[in-house]
Amino acid sequence: MDVHILTFVVCSLLFSALFGVAVGNSLDHGSPFNHGSIVYTRDQLLGLRHTPLLCVERPEIPEELRRRRRGCRAGVKRRERKRRFKPCLPSVIMGNVRSLPNKMEELTALTRLQREYRECSLMCFTETWLTELSPDSHVNLDGFQLVRADRNATECGKKKGGGIAVLVNDRWCHPAHTSVKEMLCTRDLELLALQIGSTQLSRIFKGSTPKPSSSSPRTVKEWSEETSARLRDCFETTDWEALCSPHGTDIDSMTHCITDYINFCEENTVPSKLHVNKHKPWIETSYHGVITENMDTVLLDPPLVALDKDAPVPYAGEICAFKIYGQDAPFEAVVLNRTSGEGVLRANSPVDCESQKEYTFIIQAYDCGAGPSGADWKKSHKAVVHIQVDDVNEFCPVFREPLYKASVTEGKIYDSILQVEAWDQDCSPQYSQICNYEIVTAGTPFAIDRNGNIRNTERLSYDKQQSYKIMVTAFDCGQKRAKEDVAVHIDVKPVCKPGWQGWNKRVDYEPGTGSKQLFPKMRLETCGGPLSGVRAMVELQTNHIGKGCDRETYSEKSLQKLCGAASGSTDLLPAPSPSTNWTASLLTDSGRDSDLIYRFDGRQAANVPDHVVPQNLTDQFTIATWMKHGPSPGLRAEKETLLCNSDKTEMNRHHYSLYVHNCRLVLLLRRDFTQVDTFRPAEFHWKLEQICDKEWHYYVINVEFPAVTLFVDGVTYEPYLVTDDWPIHASKIDTQLTVGACWQGGEVATPRFTQYFHGSLSGLTIRPGRIETQKVISCLQACKEGLDINSLESLAKDIKFHFNPAQSVLVVEGEDVDSINTAMTKVSYINSRQFPTAGLRRLHITTTVQCFGEDTCLSIPDVKAVVMVLPPSEPRITITGSNRLVRPAADLQGPLGVAPFKELHITSTVMKGGSFGGFHRPGVTEVMHNLDYCDILVIGEELSPERESLEIHHNALLGKHLDATNSTSGISIYGVDSMAHYEQALRQVRYRNWRPATLTERRFRLTCSELNGRYTSNEFNLEVGVLHHSAPVEHVNHMAAQPQYMRPVHRPLMIHTPNSHMSGAAPPAATAVIVVCIAALVVIVVIGVYRIHATHQEGSREDEDEVKDPEGDWDKSALNITVNPMENVRGAQAVDEEVKEEKQVEEEEEEEDEEQGLSSAESDNSDEDEEEDEEEREEMKKRKQRGRLEWDSSSIKY
């Protein structure tokens, strides 16, 4: 057991000895080579320095590169007490910023206010989100150097995010000591490796550097495989028992014995070598130099000298080379003397100050090694070299702009009109700065200072000279002149006056051209003052046009039909005519261009006839009117009645009325006591500004008792006051409806008008049983002209605008003058009428300018302009057709009568100018537009309802915006619709006469109108002639047959339907033949009928009494009619042709109904009308079939 322990101890000692031999012992102070070393003191080394070569002052050396005085501990405690907040190791702040530019304000504040951030050594950030388009100036931090590695989309395959940035504190490490070692950007990794040569890091780790030994040579052991083999042989041949046995159990003595033996074997087997290159070369820690651009010599301070403690040992004490480390440093260091270590630094390529002003790099000195081969060489520590490039004045100043322009206002002295600027490409401040500017042009009232500011030396006059052109040159601080002079243009403007400029006082508008820009070149001149907002209001004044603006001037009934209003309204102020003569005594405004306007001056009123007054006013009705009213004259205003229904005699009770009192509109509505006997609402009051503003407004009162609503220009108003009253007691007194005043028939000596109205009225209507909808009211009062804005998408985002409901006022607001100017150029005028009212429309623009901190700072004059609406090309409406229509009396007696206007045509032409062959010649163009009414008047005696009628069937008006009224004077078709529809309706007008025996002819006159009589057609006169049969005469008929050869057919009288071609003008001979043939046929038929009728009946009736009902039934039991077979065929053909024509007419009407559709007002009764029409058509077909004569060809013998 003891032997094993001893063997383990011996082996351990052996391995320990071997390890010591392998690493070698370099601290062998007992070596004899140490006594011959040359040792220099510090003063001796400093004495070897050469005197400075530069005679100028030493350049400023950064604090961290200066040589510091060294004490026993190099002032460590003093620095720690002074800068106790700064750790010994560098402090690092790291963060994932996610967009570094967005965090710069916060980071700047932290570095200014918090010491931990201000004294931090490094700031490392990821996710900077910087790109190549992000300049360093956006993320620079004062006192820190930025090193960034942006994400490269090409290398990493990612476009967004990423990026690394490092901010190095300048106080901790000089920017020249920081360099990028590696930058890597892959899809999974982004790397930025920096080499930082901080002086504080060198101090920290320099304390752990072992103290160098003396300069004497040292002996070292050389280990090799041969040495290892010899040492192994020595150990293997050793008798270890002999060495260990004498010591017994004394382990210490055994250990010393074995150790000494191992050292003995080592000395005898391992060879030793003398190590002569013991020390590293020494150079200064920093150098500063100056080089003139385009030269190669560098002047260094201190001079480049390297020392080695191994001197004068050959090779080991000599300096063989200087090496430079840096990025693209165009310098090289050359050894001048290997023994003294002197060297020189020079440029190996041209140095340009404009490319780079300074260079910083690292230099090291290398000795020659231990021998001629250079083996075992040593290098010095790293020294920083900072080279500054001196500039040479080689570039001329250049102006930044090729031409300078400015404008000034006359009569002012400016400190600076404009500034010219030149620059120099030289790098030094001495040659790159511009020290002087000079005006080359002589005799000009301008001067320039050293900064390039041009000012005027006297007051300029616009009348004297409107512009100046001067030449200016520049000099740098080396007095080198600019290569080219620059031209300066100065325009003189008259005294600025704020206001709108570039607008025309008159704008001509041609009808039918759509919208037209009013101010295409308008701009606001503010004279350069800072503004915070502009507000412009454009007002189109159309009060003198029609009823406040250019509206459709169709009749009230036509407008209601056009807007889809329900039928059944009563016009209380119609145009004067034989049937509506109660308005003939009222005053009209003749200058309103087809607008039917009545003026009431407090002395006129009109009683509405009883047959016109609506008698069935229920709890639901509508009153509508146009009204223009001003304040009432006098101190105490009286009631001004628009509409009044009062007792005609005996009493003075008002049943319902509409009046104005003290600028309040009041509706009085009192019921009879028989209808209701409770206390109920009777007066409804509205107080509005529109009632007395002397402007036109459209008033509509919808009554759905007890609710009453007022619409003014389409805006809803509820009554502010409702007064209750008892109903009126029932009486048998008649009532009188009055317009413009109220009728007082009782309680006075003489019935008279009272409570006269002062103002203007138009279109006063009342509709019982229905109320108007909001859509219809808006349509009836809509203006056809107004202001508009073109291209809304081109306006700036800060522009705000709004219109009033009539689009006559436009308000534009904005913060920028340019935006306001753009918006004002888009303002336009539009008139959608095909034939607008010609004349002037005034434009008024008021502008308010607001400055910063002030309500108004500039006074902008108002703009007053006019829009001239040119007269439209007046249409000429022409009615053509046959002027004479001749029909047999039997046709007039038929159920359909005759159509007098079957071949009617209505055309409209417009005269327009055109050029042909260089000459201006007017041209005629046919246009299609709308009509609003056509009247057919009877010339001569009025129609007798007992024997004749002029009417149009309701089916002819289906699908059209038309309606019709007839009387004994004729028929009127009204409604806004196309001329084609009017043609179709007029062709369906039928004239019938049940007793044509005494009638020879009947004459009619047709006139059509557009825009309520503004444009009228020609008077088309038509004469309808009647053919009567002559006295009965016996005629020889060679085709007559015996009664047994004829087949008796029991049918009513044959109906002859005239063909359309008979209405045309035929030659006289043809007309005579036709008349004779018809007369012969009529005579034969009449004689046959008369004889048969006389046989079976004892008395005969008068022909005139029986013809009254053309469809009356005769005694058909024994009626035999003998006719000519050829005539029967012709009659059948005529009937077939008539049936075909009527079918064709029906198909055309059905197609028109499908294309146009039924209007909302006509769709209510369409189903009932269609059923009635179908029944009438079936009945007519049966009558025509019964009217055909059947021919029995079986009984004819030839």
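First, a word on scope: everything that follows refers to the structure included in this document. On a predicted model such as this, the values are computed, not experimentally measured, just so you know.

With respect to the helices, strands and loops of the structure, Cys 934 is situated in strand E59 (residues 930-939). Among the residues examined, Cys 934 registers a relative accessible area of 0% and is labelled buried. When the C-alpha atoms of Cys 934 and Ser 1009 are compared, they prove to be 6.3 Å apart, with 75 residues separating the residues in sequence. Beyond its immediate sequence surroundings of up to four residues, Cys 934 is in contact with Ile 971, Ser 972, Ile 973, Tyr 982, Leu 986, Leu 1006, Thr 1007 and Cys 1008.

This next bit is on the sheet that holds strand E28 (residues 506-509). The sheet built from 6 strands is open, its strands ordered E28-E54-E53-E31-E51-E50 with mixed pairing. Each edge of the open sheet is held by one strand with a lone partner, namely E28 and strand E50 (800-803). Strand-to-strand twist across the sheet, computed as the mean angle between neighbouring axes with direction ignored, equals 15 degrees. Bridge count for E28 against strand E54 (residues 863-869) is 4 bridges, and the pairing is parallel. Looking across to E54, one finds that Arg 506 is bridged to Val 866.

As a packed pair, helix H8 (residues 225-236) and helix H10 (residues 251-269) sit with axes 10 Å apart at the nearest point and diverge in direction by 140 degrees. Relative to H10, H8 is oriented oblique. Both H8 and H10 take part in a crossing whose hand is right-handed. Counted together, Thr 227, Arg 230, Leu 231, Cys 234 and Phe 235 of H8 and Tyr 261, Ile 262, Cys 265, Glu 266 and Thr 269 of H10 form the full contact between these two elements. Looking at the contact of H8 with H10 residue by residue, the class counts come to 6 nonpolar, 2 polar and 2 charged.

In total, this model carries 16 aromatic pairs according to the counting rule given. With a centroid separation of 6.2 Å and an interplanar angle of 80 degrees, the aromatic rings of Phe 801 and Phe 803 are classed as edge-to-face. A residue is classified by how much of its surface remains accessible, and Phe 801, at 33% relative accessible area, is partly exposed. Taking relative accessible area as the criterion, Phe 803 reaches 27% and is therefore assigned partly exposed. Between Phe 901 and Phe 1020, the aromatic rings sit 6.4 Å apart at their centres with planes inclined by 50 degrees, giving tilted as the arrangement. Of this pair, Phe 901 sits in the loop between helix H15 (889-893) and strand E57 (905-916) while Phe 1020 sits in strand E66 (residues 1020-1027), placing them 119 residues apart in sequence. Look at Phe 901 and you get buried, because its relative accessible area is 1%. On the basis of relative accessible area, Phe 1020 is assigned to the buried category, the value being 5%. Each residue in the set Phe 235, Trp 240 and Tyr 261 is aromatic and connected to the rest through ring pairs, giving one cluster.

Here Ala 311 and Pro 312 are connected by a cis peptide whose omega angle stands at 5 degrees. With an omega of 10 degrees, the peptide bond between Phe 705 and Pro 706 qualifies as cis. At Asp 376, a position not held by glycine, the phi torsion is positive, near 55 degrees. Locating Asp 376 in the fold gives a position in the loop between strand E16 (358-367) and strand E17 (383-390). A relative accessible area of 35% means that Asp 376 is categorised as partly exposed. Even without a glycine there, the phi angle at Gln 479 is positive, about 60 degrees. Turning to its location among the elements, Gln 479 is positioned in the loop between strand E25 (467-476) and strand E26 (486-493). The exposed category is assigned to Gln 479, whose relative accessible area is 57%.

Rules and cut-offs
- Residues numbered from 1 in each chain as written.
- Predicted model: local features only at pLDDT ≥ 70, side-chain atom pairs only at ≥ 80, totals over all residues.
- Heavy atoms only, no water.
- Helix = DSSP H or I, 4+ residues; strand = E, 2+ residues; numbered from the N terminus.
- Buried < 20%, exposed > 50% of the residue type's maximum accessible area, 1.4 Å probe, protein only.
- Contact = heavy atoms within 4.5 Å.
- Pairing = 2+ DSSP bridges.
- Axes fitted to C-alpha atoms, helices over the stretch in contact; angles between N-to-C directions.
- Parallel < 35°, antiparallel > 145°, perpendicular 65-115°, else oblique.
- Left-handed = near helix turned anticlockwise from the far one by under 90°.
- Nonpolar A, V, L, I, M, F, W, Y, C, P; charged D, E, K, R; others polar.
- Phe/Tyr/Trp six-rings, centres within 6.5 Å; stacked < 30°, edge-to-face > 60°.

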